Amino acid sequence: MAHHGILFLDELPEFNRRSLEVLRQPLEEGRVTISRALASSTFPANIVLVASMNPCPCGYLGDAKRPCKCSPPQIDKYMGKISGPLLDRIDIHLEVPGCRIKN
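Cut-offs applied
Residues numbered from 1 in each chain as written. Predicted model: local features only at pLDDT ≥ 70, side-chain atom pairs only at ≥ 80, totals over all residues. Heavy atoms only, no water. Helix = DSSP H or I, 4+ residues; strand = E, 2+ residues; numbered from the N terminus. Rg over C-alpha atoms; globule rule 2.2 N^0.38 Å. Buried < 20%, exposed > 50% of the residue type's maximum accessible area, 1.4 Å probe, protein only. Contact = heavy atoms within 4.5 Å. Areas by Shrake-Rupley, 256 points an atom, 1.4 Å probe, with all protein chains shown as cover. Salt bridge = Lys/Arg side-chain N within 4 Å of Asp/Glu carboxyl O. Core = buried A, V, L, I, M, F, W, Y, C linked by side-chain atoms within 4.5 Å. Polar contact = N/O pair within 3.5 Å; in protein donor to acceptor, adjacent residues only side chain to side chain.

Caption draft 1: Focus on the overall build of the protein. Along its length, the protein carries 4 helices and 4 strands. Scanning the protein from its N terminus toward the C terminus, one meets helices and strands in the order β-α-α-β-β-β-α-α. Taking 103 residues into account, the globule formula puts the C-alpha radius of gyration at 13 Å, and the protein, at 17 Å, lies well above it. Each principal axis of the C-alpha distribution contributes one length, and for the protein these read about 55 × 30 × 25 Å. Residues classed as buried in the protein amount to 17% of the 103 residues present. Here the contacts in the protein between residues at least 6 apart in sequence split such that 56% fall between residues at least 24 apart. When the accessible area of the protein is evaluated, it comes to approximately 8,200 Å², of which 55% is carbon and sulfur surface.

What follows is the structure, given as structure tokens:
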């Protein structure tokens, strides 16, 4: 349903790694093939993938005002959920600083 549209994945590392890996081929080829027991169908899937994620599980890695509570192995595991080949298919990577609401 995302052909010629935007596929937005919020909290990218929270998705199952296998599900994310399945996106690699449609992102590269612009089509997706669905196979079932008796048949296979190919559909167009020319999309713009937009994804967001925190820098670590707690969300405060690099924040000047709040300390990160995550251990290095937790951060590595969190970041490791996204493979290098999938990251290679994302053209623009932006780091957006956190915004604090003043009362």
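Now that the structure has been shown, we can carry on.
Caption draft 2: Focus on the pattern of salt bridges. Tallied over the entire structure, the rule returns 3 salt bridges. For the salt bridge of glutamate 21 with arginine 24, the shortest nitrogen-to-oxygen distance reads 2.5 Å. Among the salt bridges present, the one from glutamate 28 reaches arginine 89, with a minimum N-O distance of 2.5 Å. Placement of the pair is glutamate 28 in helix 2 (residues 24-29) and arginine 89 in the segment after helix 4 (84-88), with a sequence separation of 61 residues.

Caption draft 3: Seen up close, the nonpolar core. One finds Leu9, Leu12, Leu20, Leu23, Leu49, Ile82, Leu86 and Ile90 forming the largest nonpolar core, which totals 8 residues. When sequence neighbours within four positions are dropped, the list of residues in contact with leucine 9 reads Phe15, Leu20, Leu23, Leu49, Val50, Ala51 and Ser52.

Caption draft 4: Structural detail: the environment of threonine 42. Relative to the assigned elements, threonine 42 resides in strand 3 (residues 40-44). The class for threonine 42 is partly exposed, based on a relative accessible area of 48%. Between the C-alpha atoms of threonine 42 and valine 32, which are 10 residues apart in sequence, the distance is 5.6 Å. Apart from the residues within four sequence positions on either side, threonine 42 is in contact with Arg31, Val32 and Thr33. There is a polar contact of 3.0 Å between the side chain of threonine 42 and the side chain of threonine 33.

Caption draft 5: Structural view of the side chain of serine 83. For serine 83, the location among the structural elements is in the loop between helix 3 (72-79) and helix 4. Serine 83 gets classed as buried once you look at its relative accessible area, which sits at 4%. Leaving out residues up to four positions away in the same chain, serine 83 has contacts with Arg17, Glu21 and Arg24.

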